[in-house]
Amino acid sequence: MTTEPELKTLLGWYGQMWTIRYFEDNAIASFRQGLFTGSTHPCIGQEAIAVGAAAALEPADQVLATYRGHGHAIAKGLEPRSLMAELLCKETGCCGGRGGSMHLCGVDKGFMGTNAIVAAHIPIAAGVALANQLKRNGRVVVVFFGDGATCEGAFFETLNMAVLWKIPLVLVCENNGFAISVPTRTAIPIENISQRADGFGLPGVTVDGNDPALVHGAVAEAVARARRGEGPTLIECKTVRWERHSAISAGKYANEEEAMKWKKADPIPRLEKVLLARGATEAQLQALREKAKAVNDEALAFAIASESPKPATVGDFVYA
Amino acid sequence: MTTEPELKTLLGWYGQMWTIRYFEDNAIASFRQGLFTGSTHPCIGQEAIAVGAAAALEPADQVLATYRGHGHAIAKGLEPRSLMAELLCKETGCCGGRGGSMHLCGVDKGFMGTNAIVAAHIPIAAGVALANQLKRNGRVVVVFFGDGATCEGAFFETLNMAVLWKIPLVLVCENNGFAISVPTRTAIPIENISQRADGFGLPGVTVDGNDPALVHGAVAEAVARARRGEGPTLIECKTVRWERHSAISAGKYANEEEAMKWKKADPIPRLEKVLLARGATEAQLQALREKAKAVNDEALAFAIASESPKPATVGDFVYA
Amino acid sequence: MAEAINEAIRHEMRRNKDIVLLGQDIGAYGGSFGVYKGLYDEFGPDRVRDGPLCEASTAGWGVGLAISGMPTIVEIEFLDFLTLASDAICNQAAKMRYFFGGQVSVPLILRAPIVNRLGLGAQHSQSLEAWMMHTPGLHVIVPSNAADAKGLLIAAIRDGNPTVFIEHVRLYAAKMPVEEEDHPIPLGKLRVAREGTDATIATYSGMVKPSLEAAAKLAAEGIECEVLDLRTLAPLDREGICASVRKTGRLIVAHEAVKTAGAGAEIAQSAMEGAFDYLQAPIQRVAARDLPIPTGKLQDSVFPGAADVEAAVRTAMA
Amino acid sequence: MAEAINEAIRHEMRRNKDIVLLGQDIGAYGGSFGVYKGLYDEFGPDRVRDGPLCEASTAGWGVGLAISGMPTIVEIEFLDFLTLASDAICNQAAKMRYFFGGQVSVPLILRAPIVNRLGLGAQHSQSLEAWMMHTPGLHVIVPSNAADAKGLLIAAIRDGNPTVFIEHVRLYAAKMPVEEEDHPIPLGKLRVAREGTDATIATYSGMVKPSLEAAAKLAAEGIECEVLDLRTLAPLDREGICASVRKTGRLIVAHEAVKTAGAGAEIAQSAMEGAFDYLQAPIQRVAARDLPIPTGKLQDSVFPGAADVEAAVRTAMA
Ligand SMILES: Cc1ncc(C[n+]2csc(CCOP(=O)(O)OP(=O)(O)O)c2C)c(N)n1
Ligand SMILES: Cc1ncc(C[n+]2csc(CCOP(=O)(O)OP(=O)(O)O)c2C)c(N)n1
Ligand SMILES: [Mg+2]
Ligand SMILES: [Mg+2]
């Protein structure tokens, strides 16, 4: 593993985690207020993964994620305002209001988009990484996905090819214990998802996904390995999901208590303790929180004030 | 492993292997003569696997295989005549002449059919095995497939679920070194395909697929395990393919010599040596060979003499 | 309609102990849209198999169960994910009985909802029934109301052939008087949802209600539309469609799938082949625009509604 | 046609160093039907990536390459296996530019052959172009001869949009004079393969030749058919079809896909919408029967031929 991050770095992460948390709070509140329809899949409780992983990347490196990808977009440098405007399906949104909560993208920041078909973005991410390899541009791709996605064929097929061709790809599984209502242990008969790697000949590691420094360390090592041309790594980050799969999920959980345990595992207070122990002041932390909130409140106001795309533009962007 | 098979048993296998070999010889010759069109995928050089595996099964156990499945059909007890008639697309064929070389079936013998979509039959086989589990009928399913098939999503997805639910399924991979023209080593970045099992939590074993006794031992153990309710096993049988993928394959191999090596690895002369060493006489062997030939010659004559299905029946068998 | 489907399945599962359900989130959770509420409690984890996320193989396992004599219902959470299961459905389930010369039957039902106009975007808003219609060997069922859903699902389960049963999320909440009794509805027979003499509107699933609204509005002006709820697309009741067109002389076909190469083209051409001489105006299509589906307000520019049906009728009458 | 496709790809790969080929057996072997002969030797393993058997992900990797600015050609060995790649093609490639608001382009070509009448059976004989036509965001190309294949493929590669390029195994051997020069053919323009005044035959791919044969035979009796080779199904040259029908007053649509919900229905309904007043007889369809495809002689009872086209024209003329 790499060395312990500096206090300044950790403070930066703390601010980012709050930015993500407030973004998701606003997303849920906006959805409940009817500011947009459909659904939204918050990453609350999982912020440490996006933040720790993104910190291991160069700006030119690329990220792909799922519908639960608002945090990854923010961590990769997208502006909350253009993301929130996209959630609200406004023309100022990052995808011109066509994509909504599940389809975010920021190519200029290396954020190659989120996807609403579970696991479908994993081969796409590998293709982006193969393009990097062919162009010899030194870029690495990080792809985020859930535990559920590791039961889909596209995940396995891609592991096989990525190892075969030593693709500069880092596969980060956010094991949050559930795929909608299905607990990981009733879908996957092995202890750690990182063990999947054993059947494919790539390194597989499991880390505590609620500690951004541990995530950062594992991802940094995998990124270095990928940049050296040694191929992909599978990283499982254990975490705990926000109580509901999405803002519209309504079904019953077999074990309600299990589904609510994220609050006890919240990575933010945990990082706060570390920061205070390392000498940060409560005032510093408060300033970061307030900034995160202000950015998001401005973002929401911007999104609300923005226009919906004109009906006449509905046919734009189909063909190049 | 189980005990060494008796001489009588081995002689039976020898006869079966010749039955399959002659069947395939006739299939190729018939195709070349234009007795049927399409193609045919011989299992020459791989007979020991079908024979050794089938010997580990009860009649009520079930088998599914691929387009390269004539040998498995014969080993599971289907008559060469109804199979050859099917290859020639005659109404006396096991599938009424609708299926041809790639779609053989004999439900009454537990032969649940061959399939022409690589790996698609693996989940189907698991479903058959799940039915057995639910009916508590004690039956086990053996599914045969190639090395190439172990790169397809359906294979991996099924492994995951089969382990999860302890399905009575034995997965037999015939690693014949090629998927059409693609050598296994350029498609699969691990030494042994049985290693795939490590990512899923099931036992994986590799055996020499050109020795029917070794195949039998591994399959018998896996079948026993499955019958005890302990779930699936993955068995890799290393073998060597007939020089061409199918009777119509015409492309160039990167390494022609490699593609021709089956003749040096032919399981039949190898078994012959064992038999002679264990006291069988040349006359005994010859009698078995002749019987195998006679059965197949009769089968071919029967197939040739049979009628094509009447055009008016083309719409039969679509709906139950 | 969710309740009606639930009742149909419960009824059949009680009647036939071999029926199995496969899918994701179908256990205690009751299905991602709640259609399976209570079934797990009643029938237990063996028969209600909540599984990992792998639609392709789930459908393949369903084929294996089905050919073993266990009628199986596979749930796909959104019809859009049919892409993943299409090999098992189209290359296996639809063809297996045929290429095995009748040695097996494939009593497999794939249930999936159309989930549109909710704002979930391009990968969660599609109506893909036309692909399934173009696959010989399948039945394709597209009910528009609770009573039909129940009767057609019971019929499909008993029929014993591979079936794609397409529900509609907007109709789930709709409660209509549902037959208490066990009342299968024959596959391949349309329902005349409204009688009329001036124009025929052939439609199904989510467009039946807007079509009836349009018909009611037009009736106020003396234009009497006959509204046909097709109920099943395969088998397609071509004779029923043509009979109505022979009476009215005009046909409007309405669906929520995108227009090009949709079911509407087949329905229209069926009338062309069977009732050309009676046609007084070109057959009109009302359908979604040929675009990926956007989120947000833009959706309204893509999907058709009662006003579009009305306009099409007026065009046909002009 | 195999040679023409080979030339088109070679030509474009020389011109644009970013183009990559993905697939199985596309290396030294030259593609399962030999279309890629020599490309591996010329362009090497980086650009001609012979890979493991996993169509779904292969197509997905192709999407990733494409959105990274590397135009990618994915080969699927038989069009029947489109089932496996359909999520990558229909839910990803076709929609990605749209749902990302134009931030990416998807220059992905999926090449696959129709392989029918060879006796390979139900899983190796299908014509699935209608599914692709029903997917907004794709181009669907169905050439009938070598020259068109070359020109259309070059155009599709340069066009830079996701394209399903459907070849036909029976046409591979056909050598026709191919333009030496780099000669893209605009997408969405049909070719009048034979001029005529009495009836229009709209067709494509493997049915163009039998349609021309039927037309030649009928011409001997004074019935002059106009044969339209549609060349692309998406975009579909609706105006070209209607213009011909306005001239002849009769339309016959011919394809090898099964009839129900096939491309023929769309083509027919397009004429209905644009040329109804000129139609003197019902539009006829010539297509495969709605069955899984059998092996052996039974195939002849399923697939249409010149005689079926001829009969359909006579019906339209009667
Ligand atoms: C192929 C596919 N199947 C099903 C769904 C419906 N669905 C959306 S999210 C989800 C759960 C995925 O779980 P996981 O991969 O663990 O990610 P998480 O939501 O927990 O982040 C499901 C089943 C989908 N979008 N795509
Ligand atoms: C899904 C799918 N992809 C491709 C093919 C074409 N194909 C037929 S057999 C074959 C090779 C399979 O290799 P392997 O699994 O090793 O089996 P083997 O033929 O060597 O027995 C291929 C690529 C197919 N039938 N199905
Ligand atoms: Mg999860
Ligand atoms: Mg092989």
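The present account deals with the structure reproduced in this document. (Residues numbered from 1 in each chain as written. Chains lettered and ligands numbered in written order. Predicted model: local features only at pLDDT ≥ 70, side-chain atom pairs only at ≥ 80, totals over all residues. Heavy atoms only, no water.)

## Brief notes about helix α9 (residues 263–275) of chain C
Moving on, step 1. The end-to-end C-alpha distance of α9 of chain C is 18 Å, a good match for the 18 Å that 13 residues give at a rise of 1.5 Å each.
Moving on, step 2. When α9 of chain C is considered as a whole, its buried residues turn out to be A263, G264, A265, E266, I267, A268, Q269, S270, A271, M272 and A275 of chain C. (Helix = DSSP H or I, 4+ residues; strand = E, 2+ residues; numbered from the N terminus. Expected span 1.5 Å × (residues − 1). Buried < 20%, exposed > 50% of the residue type's maximum accessible area, 1.4 Å probe, protein only.)

## Here's the deal with the pairing of strand β9 (residues 225–229) of chain D
Put simply, side chains in a regular strand alternate between the two faces of the sheet.
Residues and elements named next belong to chain D.
Moving on, step 1. Buried residues dominate β9, accounting for five of its five residues.
Moving on, step 2. Residues C225, V227 and D229 point to one face of β9 and E226 and L228 to the other, with burial holding for every one of them.
Moving on, step 3. Bridge count between strand β7 (residues 191–194) and β9: three bridges; the pairing is antiparallel. Across the sheet, R191 pairs through a bridge with D229, a residue of β9.
Moving on, step 4. Crossover connection from strand β8 (residues 199–203) via helix α7 (residues 208–219) to parallel β9: handedness right-handed. (Pairing = 2+ DSSP bridges. Right-handed = clockwise from strand over helix to strand, strands pointing away.)

## Focus on the interface of chain C and chain D
Moving on, step 1. Contact residues are listed per partner, giving 47 residues for chain C and 47 residues for chain D.
Moving on, step 2. Among the residues chain C hides against chain D, the three largest losses belong to Y98, W131 and H134 of chain C. Together they make up 18% of the total.
Moving on, step 3. Scanning the region where chain C abuts chain D turns up four salt bridges.
Moving on, step 4. Between chain C and chain D we count 32 residue pairs in polar contact (both at pLDDT 80 or more) in total. (Contact = heavy atoms within 4.5 Å. Buried area = accessible area lost by both parts, 1.4 Å probe. Salt bridge = Lys/Arg side-chain N within 4 Å of Asp/Glu carboxyl O. Polar contact = N/O pair within 3.5 Å; in protein donor to acceptor, adjacent residues only side chain to side chain.)

## With respect to the coordination of the magnesium ion (ligand 3)
Working reference: metal with six octahedral donors, ideal angles 90 or 180 degrees; metal with four tetrahedral donors, ideal angle 109.5 degrees.
Residues and elements named next belong to chain A.
Moving on, step 1. Within the first shell, the magnesium ion (ligand 3) binds the protein through D147 (OD), N176 (OD1) and F178 (O), at distances of 2.0 to 2.2 Å.
Moving on, step 2. When the donor residues of the magnesium ion (ligand 3) are listed from N- to C-terminus, their spacing reads D-x28-N-x1-F. With D147 in the loop between β3 (141–146) and α6 (153–164) and F178 in strand β5 (residues 178–179), this pair connects stretches of sequence that are 31 residues apart.
Moving on, step 3. Looking at D147, the relative accessible area reads 2%, which means it is buried.
Moving on, step 4. Given the relative accessible area of 8%, F178 is considered buried. (Donors = N, O, S within 2.8 Å, 3.2 Å for Na, K, Ca; no water.)

## Some words on the site of ligand 2
Moving on, step 1. Taken together, 21 residues form the shell around ligand 2, and within it Y67, R68, A116 and G148 of chain B together with E55 of chain D come nearest.
Moving on, step 2. Around ligand 2, the neighbouring residues derive from chains B and D rather than from a single chain.
Moving on, step 3. Within the side chain of R68 of chain B, a nitrogen or oxygen atom sits 2.7 Å from an oxygen atom of ligand 2.
Moving on, step 4. A distance of 2.8 Å separates a nitrogen atom of ligand 2 from a polar atom in the backbone of A116 of chain B.
Moving on, step 5. Considered class by class, the residues forming the shell around ligand 2 number 11 nonpolar, five polar and five charged. (Near = heavy atom within 4 Å. Nonpolar A, V, L, I, M, F, W, Y, C, P; charged D, E, K, R; others polar.)

## What about the relation of the copies chain C and chain D?
One copy of the chain maps onto the second through a rotation around an axis plus a translation along that axis.
Moving on, step 1. Between the two copies, chain C and chain D, the superposition gives an RMSD of 0.0 Å; the rotation angle is 180° and the shift along the axis is 0.0 Å. The symmetry that links the two subunits is that of a two-fold axis. (Least-squares fit on C-alpha atoms with pLDDT ≥ 70 in both.)

## Some points on the packing of aromatic side chains
Moving on, step 1. Under the definition given, this model contains 24 aromatic pairs over all chains.
Moving on, step 2. A cation sits over an aromatic face here: R81 of chain B above F302 of chain B, 3.9 Å from the ring centre.
Moving on, step 3. The ring of W165 of chain B carries the charged tip of R49 of chain C above its face, separated from the ring centre by 4.3 Å. (Phe/Tyr/Trp six-rings, centres within 6.5 Å; stacked < 30°, edge-to-face > 60°. Lys NZ or Arg CZ within 6 Å of the ring centre and 35° of its normal.)

## Focus on the sheet that holds strand β11 (residues 251–258) of chain C
Residues and elements named next belong to chain C.
Moving on, step 1. With mixed pairing, the five strands of this open sheet are ordered in space as β7-β9-β8-β11-β12. Of all the strands in the sheet, just β7 (191–194) and β12 (284–288) have a single pairing partner and so form its edges. The mean angle between the axes of side-by-side strands here comes to 25°, regardless of whether they run parallel or antiparallel.
Moving on, step 2. Against the sheet, helix α8 (residues 238–248) contacts β8 (199–203), β9 (225–229) and β11, and its axis sits at roughly 175° relative to β9. (Axes fitted to C-alpha atoms, helices over the stretch in contact; angles between N-to-C directions.)

## Looking at the sheet that holds β7 of chain D
All names here are of chain D.
Moving on, step 1. An order of β7-β9-β8-β11-β12 is seen for the five strands of this open sheet, with the pairing classed as mixed. Both outer strands of the open sheet, β7 and β12 (284–288), are each paired with one neighbouring strand and no more. Direction aside, neighbouring strands of the sheet carry axes that sit 25° apart on average.
Moving on, step 2. Sheet analysis places β8 next to strand β11 (residues 251–258), joined by four bridges and oriented parallel. For T203, the partnering residue across the bridge sits in β11 and is A254.
Moving on, step 3. On the sheet, helix α8 (residues 238–248) packs against β8, β9 and β11 and is oriented at approximately 175° with respect to β9.
Moving on, step 4. Its contacts with the sheet place helix α10 (residues 306–317) against β8, β9, β11 and β12, and it is angled at close to 160° to β12.

## Structural notes on the side chain of T66 of chain B
All names here are of chain B.
Moving on, step 1. By secondary structure assignment, the location of T66 is in strand β1 (residues 62–66).
Moving on, step 2. Overall, the relative accessible area of 9% leaves T66 in the buried class.
Moving on, step 3. At a separation of 2.9 Å, a polar atom in the side chain of T66 contacts the main-chain amide nitrogen of R68.
Moving on, step 4. Discounting residues that sit within four places of it in the chain, T66 has contacts with T114, N115, H121, F144 and F145.

## What about the site of ligand 1?
Moving on, step 1. Among the 21 residues in the neighbourhood of ligand 1, the closest are listed as Y67, R68, G148 and N176 of chain A together with E55 of chain C.
Moving on, step 2. Among the chains of the assembly, those with residues near ligand 1 are chains A and C.
Moving on, step 3. Contacts to ligand 1 include D147 of chain A, whose side-chain N or O atom sits 2.9 Å from an oxygen atom.
Moving on, step 4. Contact distances for ligand 1 include 2.8 Å between an oxygen atom and a backbone N or O atom of G148 of chain A.
Moving on, step 5. Protein chains bury 97% of the 570 Å² of accessible surface belonging to ligand 1 in isolation.
Moving on, step 6. Class assignment for the residues of the shell around ligand 1 results in 11 nonpolar, five polar and five charged. (Areas by Shrake-Rupley, 256 points an atom, 1.4 Å probe, with all protein chains shown as cover.)

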